[in-house]
Amino acid sequence: MTSSLREWLNLGVRWLHVFAAIMWVGQTYYFTWLDRQFSRLEKKAKGAPTALWMVHSGGFYTVEKQKSLRVGPERVHWFGWEAALTWLSGMALMFMVYYFSNGLIDPDVAEISQGRGIAIGIGVLVFGWLIYDLALRSPLGRFEAGFAIFSFVMTTGIAYGLVHVLSGRAAYIHVGAMFGTIMVLNVWMRILPAQRKMIAAAATGAAFDAALGGQAKLRSKHNTFMAVPVVFIMLSNHFPVATYGNTYSWEILAGLVLVGWGAAKVIRQA
């Protein structure tokens, strides 16, 4: 493959990755905003039916939040492919820029082979999801503050370990990829299956477990908190002196995660 063709391929995949991410994160925050508006309306209406009116693109729109399915399942629109396309294009970039290139290993950091570096990178994505998922389903998952502290400690530990075995840039991007992997698996392995069960039950008139909706909402909430530091990490690749090339690289990465979580909290409450 010529350098020109490789560059065009890189550009095309990056465009797909960024645009798919805009669609995915935008939808996530839009529904988060809708939920918050309906919570406010329901408190004011004291149980009466509520509707939210909006204006956009020269038209007026009204949205109602339903507690049960009033149409056939075939008329329900699903949001999921945006998440899948974001992750798949991101992994394609990971292979192009790091696994099939020389961006993964830095001999000044650690003398390891490319294969070992790839195994470490993929291991972080796999075990990052497993640890997160098991912890959230454990009793710890019922305590928001405790789970947040656990998540931060684990993320900081992973960041510290990565900057001592991979290149600084690769270490940063793998923490972002770990968050992205958790986010997409939240959608495809936890949120969508729960929603399918709810729709199947509602379509037959059967009662469904309300905990399914709560589980899906919690995972979606976590995704909104992870999205902001992921964007920070993506942008950090363009500022090596301030971030991954800095003497305090892993501390700065941990700080970016905290700032991202704080920013997400502010955005969610807007």
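Above: the structure in question.
Parameters and conventions
For every chain, the first residue of the written sequence is number 1, and numbering continues from 1 along that sequence. Totals for whole chains, interfaces and linings use all residues, but because this is a predicted model, local features are given only for residues with pLDDT of at least 70 and pairs of side-chain atoms are given and counted only at 80 or more. Only hydrogens and water are set aside when side-chain values are computed; all heavy atoms of the structure are taken into account. Strands here are runs of E lasting at least two residues and helices are runs of H or I lasting at least four, both read from the DSSP assignment and numbered beginning at the N terminus. Only protein chains enter the accessibility calculation, which uses a 1.4 Å probe; a residue whose area is less than 20% of its type maximum is buried, one above 50% is exposed, and one in between is partly exposed. When checking whether two residues touch, look at their non-hydrogen atoms; a contact exists if any pair is within 4.5 Å. Only the protein chains shown count as cover for residues, with accessible areas throughout obtained via the Shrake-Rupley method and a probe of 1.4 Å. Positive charges are assigned to Lys and Arg, negative charges to Asp and Glu, while His and the chain termini are left out of the count. Charge placement uses NZ in Lys and CZ in Arg. For Asp and Glu, CG and CD serve respectively. A pair is scored as a salt bridge if a Lys or Arg side-chain nitrogen falls within 4 Å of a carboxyl oxygen belonging to Asp or Glu. What makes a nonpolar core is a set of buried Ala, Val, Leu, Ile, Met, Phe, Trp, Tyr and Cys residues whose side-chain atoms join them at distances within 4.5 Å. Here is the rule: rings of Phe, Tyr and Trp (six-membered ring for Trp) pair when centre to centre is within 6.5 Å. Planes less than 30 degrees apart are stacked, more than 60 are edge-to-face, and the remainder are tilted. To get an axis, fit a line to the C-alpha atoms, keeping to the stretch in contact for a helix; angles then go from 0 to 180 degrees between the N-to-C directions. Left-handed describes a crossing whose near helix is turned anticlockwise from the far helix by less than a right angle; the clockwise case is right-handed. Residues are grouped as follows: Ala, Val, Leu, Ile, Met, Phe, Trp, Tyr, Cys and Pro are nonpolar; Asp, Glu, Lys and Arg are charged; every other residue, Gly included, is polar. Roughly parallel refers to an angle under 35 degrees, roughly antiparallel to one over 145, roughly perpendicular to one between 65 and 115, and oblique to any angle outside these ranges.

**Q** How would you summarise the overall build of the chain if you had to cite specific residues and measurements?
**A** When you go through the chain residue by residue, the secondary structure sums to seven helices and two strands. Counting from the amino terminus, the chain carries its helices and strands in the arrangement α-β-β-α-α-α-α-α-α. Each principal axis of the C-alpha atoms in the chain carries an extent, and together these give about 65 × 45 × 35 Å. In the chain, buried positions account for 39% of the 270 residues. Taking contacts inside the chain between residues at least 6 apart in sequence as the whole, the part at least 24 apart equals 72%. For the chain, the accessible area works out to roughly 15,700 Å², and carbon and sulfur atoms hold 67% of it. Charge-centre separation for the chain: the mean point of 23 positive side chains lies 10 Å from the mean point of 13 negative side chains.

**Q** Go over the pattern of salt bridges with me, naming the residues and quoting the values.
**A** Applying the stated criterion across every chain, the model contains five salt bridges. The residue R219 makes a salt bridge to D133 at a minimum N-O spacing of 2.9 Å. One end of the pair, R219, is in helix α6 (residues 210–236); the other, D133, is in helix α3 (residues 114–137), and 86 residues separate them in sequence. The same class applies to R219 and to D133, which are both buried.

**Q** With reference to specific residues and values, describe the nonpolar core.
**A** With 53 residues, the main nonpolar core has Y98, L104, L162, L166, M178 and F179 as its most contacted residues. The set of elements that each furnish at least two residues to this core consists of α1 (3–45), α2 (81–99), α3, α4 (144–162), α5 (168–203), α6 and α7 (249–269). If one sorts the elements of this core by residue count, α5 sits on top with 15 residues.

**Q** Summarise the packing of aromatic side chains; cite the residues concerned and give the values.
**A** Taken as a whole, this structure holds 13 aromatic pairs when the rule is applied. Here Y132 and F147 contribute two aromatic rings whose centre-to-centre distance is 5.8 Å and whose plane-to-plane angle is 65°, an arrangement assigned as edge-to-face. Of the two residues, Y132 is situated in helix α3 and F147 in helix α4; the sequence distance between them amounts to 15 residues. Taken individually, Y132 and F147 each receive the classification buried, so the pair is uniform in this respect. Ring geometry for Y172 and Y244: centres 6.3 Å apart, planes at 70°, overall edge-to-face. Of this pair, Y172 sits in helix α5 while Y244 sits in the loop between α6 and α7, placing them 72 residues apart in sequence. Since its relative accessible area comes to 0%, Y172 is described here as buried. One aromatic cluster is present, formed by Y30, F31, W33 and F79 through successive ring pairs.

**Q** Go over the packing of α5 against α7, please, and point to the residues and values.
**A** In the contact formed by α5 and α7, the axes pass within 11 Å of each other and the chain directions differ by 30°. Remark: the crossing between α5 and α7 carries right-handed chirality. Each of Y172, V175 and F179 in α5 lies in contact with α7, whose residues at this interface are S249, I252, L253, L256, V257 and W261. Taken together, the residues that form the contact of α5 with α7 break down as eight nonpolar, one polar and no charged.

**Q** An account of the packing of α3 against α4 is requested, with residue identities and associated values reported.
**A** At their nearest, the axes of α3 and α4 sit 12 Å apart, and the two run at 170° to each other. As judged from the angle between their axes, α3 and α4 are roughly antiparallel. Mapping the contact onto sequence places I120, V124, I131, Y132, A135 and L136 in α3 and F147, F150, M154, I158 and L162 in α4. Split into classes, the residues belonging to the contact of α3 with α4 amount to 11 nonpolar, no polar and no charged.

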